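Each chain, written out:
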Amino acid sequence: MSETVKDSAPQGTKGRRGPVKNRGLPLLLALLLLAGCAPQPAQSEGYAPKEEDRLVVYTAHKEEVYWPIVKEFEERTGIWVEVVPGGTNELLERIRRESGSPAADVMFGGGVESLTAYGDCFAPYRCTQAEELQPRFRDPEDRWTPFSALPVVLVYNTRLMRPGQEPDWDDLLSPALRGRIAFADPSVSGSSFTALETLMLAEGEMEEDALLRTFAENLDGQQLGGSGEVLRAVADGTALVGVTLEETALKSVAAGDNIALVYPKSGTSCVPDAGALILGAPHEENAKRFLDFTVSHEVQQLLTEKFCRRSVRGDVESSLVPLEDIQLLHYDVEKTSESRDAVLMTWAFYLGGEKEP
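Once a new chain begins, its residue numbering starts again from 1 and follows that chain's sequence as written. Given that the model is predicted, a residue must reach a pLDDT of at least 70 before its local features are reported, and side-chain atom pairs must reach 80 or more before they are shown or counted; all residues, however, enter totals for whole chains, interfaces and linings. Think of the side-chain values as coming from all heavy atoms in the structure, minus any hydrogens and water.

Take helix H2 (residues 63–77) next. A run of H or I in DSSP becomes a helix once it reaches four residues, and a run of E becomes a strand once it reaches two; helices and strands are each numbered from the N terminus. The span you would expect from a helix comes to 1.5 Å times its residue count less one. Its 15 residues place the ends of H2 21 Å apart at the C-alpha level, agreeing with the 21 Å of an ideal helix rising 1.5 Å per residue. Think of it in three bands: with a 1.4 Å probe and only protein chains considered, a residue is buried below 20% of the maximum accessible area for its type, exposed above 50%, and partly exposed in between. Burial analysis of H2 places 13 of its 15 residues in the buried class, which makes it a mostly covered element. Positive phi appears at Gly78, one or two residues downstream of H2, with a value of about 80 degrees.

Structure representation (C-alpha cells):
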C-alpha cells in the first residue's frame, strides 16, 4: 500500500488516504486538536482511489466528533472516506429517496428511534465487538450499532435563576416560562425529538395531544435550528431554560458559559445514537469495518475523555455522573419509532408549520 498521504476537505468531499499504521489513541487525540485549529487541506489532484478503497458516510455528528474518527480510520485502513454531513432527519430522508440505488454506505449518528423508524433502509449487522457493548444500548436485531449514550438534560441561566429554582419537566408547561424556553425543532434535530418524547414520558399522566399543545404554546412560536442555538439562547439570557443533551451542556459549562445543567428529578432518558449499514451499500465490507471501528475501545475511550459523551461499552472508564445516580425513565425505542411521524405531524400543527416529518 502506498505510503503517500492524500489530503482533502472534511465535508462533502473525498477524505485522505493514508498508510496502514496503528498509532492508537495518541494519534486520535492529536487529530482532535488539529481538527479544531488547523485549516483543512484541499483534495490532492490526480488521484482516484479504487472502488474497493472507498467509503461514503452520511453523518449527523458535528465535525469535531466525526473528523478525528474518520481520519484515524483512513490512516489505519487506507480507505478513502467521503463525508456528507447534515441533520438527522434530512439525511434519513435522503437515504430513503436513494433506496434501490444507494449513494452512501453508512449513516453515522442520529438517535436510535429515528434510525429504527427508517429500519427498512438499513441492513442488519452485528459488529465484531458486540459482546463488549452494554446490553441496554444494543439492538436485539442489530439494525444499528450504538455509538454513545446521551442523557437528555435541562439547562438554565445561572445569572437569571437563583439556586433552588432548578427546573423540572413540568416547569416547561408553566405559563411563567412562556417564551423563555429554548428548544430545537424536532423535525430537524433527532436529539430534540428524543427530548420531546422524554417530556411526554415524564408527564405521562397528561394526555399526549394536550401536552404537545401546551408545550408548543409555551414556546410562543419559537423553536431553534439545533442544540448549539439552544445553549446560546440560554447563555445570553434570551431564554431562561433549555432542553438539550448532556454532552452539549457539559461542553458549554466547561467553556465558562452562564449555564448549569440539571438531570430532572422526575426522570430523563438516556438513548444512544448509532451508526447503521445502509441496505445495498456499494462498499459494504468497508462500511462494516467502519462500524466496528466506532465501537473500538480506543474510540470509545476518546468519547469520554474529549467529547463529554458516555461510552456504550462496559469496559471504558468515565468521570461522568454514573447512570445509576440518574433517575431514568423507560424509553421504548420501538414504540417511539412507530409513533414518530404522528408526533411530528401533531407538533408541526401546533407550531403552525407545514413541514413533513
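Picking up after the structure, the text goes on.
Right, let's talk about the side chain of Glu247 for a bit. Inspection of the secondary structure puts Glu247 in helix H8 (residues 246–254). For the purposes of these results, a polar contact is taken to be a pair of N or O atoms within 3.5 Å, where, inside protein, one atom must be able to donate a hydrogen and its partner to accept one; residues adjacent in sequence count only when each atom of the pair is a side-chain atom. For Glu247, the side chain forms a polar contact with the side chain of Arg309, separated by 3.2 Å. Throughout, a contact is declared for two residues whenever any of their heavy atoms are within 4.5 Å. Apart from the residues within four sequence positions on either side, Glu247 is in contact with Val65, Leu150, Phe307, Cys308 and Arg309.

This next bit is on the packing of aromatic side chains. Aromatic contacts are taken between Phe, Tyr and Trp rings whose centres are within 6.5 Å, Trp giving its six-membered ring; a plane angle under 30 degrees counts as stacked, one over 60 as edge-to-face, and the others as tilted. One pass over the full model with this rule turns up 8 aromatic pairs. Taken together, a centroid distance of 5.5 Å and an interplanar angle of 35 degrees make the contact between Phe215 and Trp347 tilted. Linking Phe215 in helix H6 (residues 208–218) with Trp347 in helix H11 (residues 333–351), this pair joins segments that are 132 residues apart in sequence. Neither Phe215 nor Trp347 differs from the other in exposure class; each is buried. With a centroid separation of 5.3 Å and 65 degrees between ring planes, the pair formed by Phe349 and Tyr350 is classed as edge-to-face. Taking the relative accessible area as the measure of exposure, Tyr350 reaches 23% and is therefore partly exposed. An aromatic cluster of at least three residues, connected via ring pairs, comprises Phe73, Phe108, Phe147, Phe290 and Phe293.

Counted as salt bridges are all cases of a side-chain nitrogen of Lys or Arg within 4 Å of a carboxyl oxygen of Asp or Glu. Per the stated rule, a full pass over the model turns up 23 salt bridges. Where Glu51 meets Arg54, a salt bridge forms, and the shortest distance between an N and an O atom there is 3.5 Å. Across the pair Glu141 and Arg143 runs a salt bridge, and its minimum N-O distance is 3.8 Å. In this structure Arg143 comes out as buried when scored by relative accessible area, which is 17%. Within the structure, one salt-bridge network assembled from shared partners comprises Glu64, Glu247, Lys251, Asp273 and Arg309.

Working note: regular strand, side chains alternate between the two faces of the sheet. Among the 13 residues in strand S5 (residues 145–157), 13 count as buried, and that is most of the element. What makes two strands pair is DSSP finding at least two bridges between them. The pairing of S5 with strand S9 (residues 270–278) spans 6 bridges and is antiparallel. Note that in S9 the partner of Leu150 across the bridge is Val271. Sheet topology places S5 next to strand S10 (residues 310–311); 2 bridges connect them, and they run antiparallel. Bridge pairing links Ser148 to Ser311 in S10. Sheet topology note: the S5/strand S7 (residues 241–245) ladder contains 5 bridges and is antiparallel. Residue pairing in the sheet places Val155 in a bridge with Gly242 of S7.

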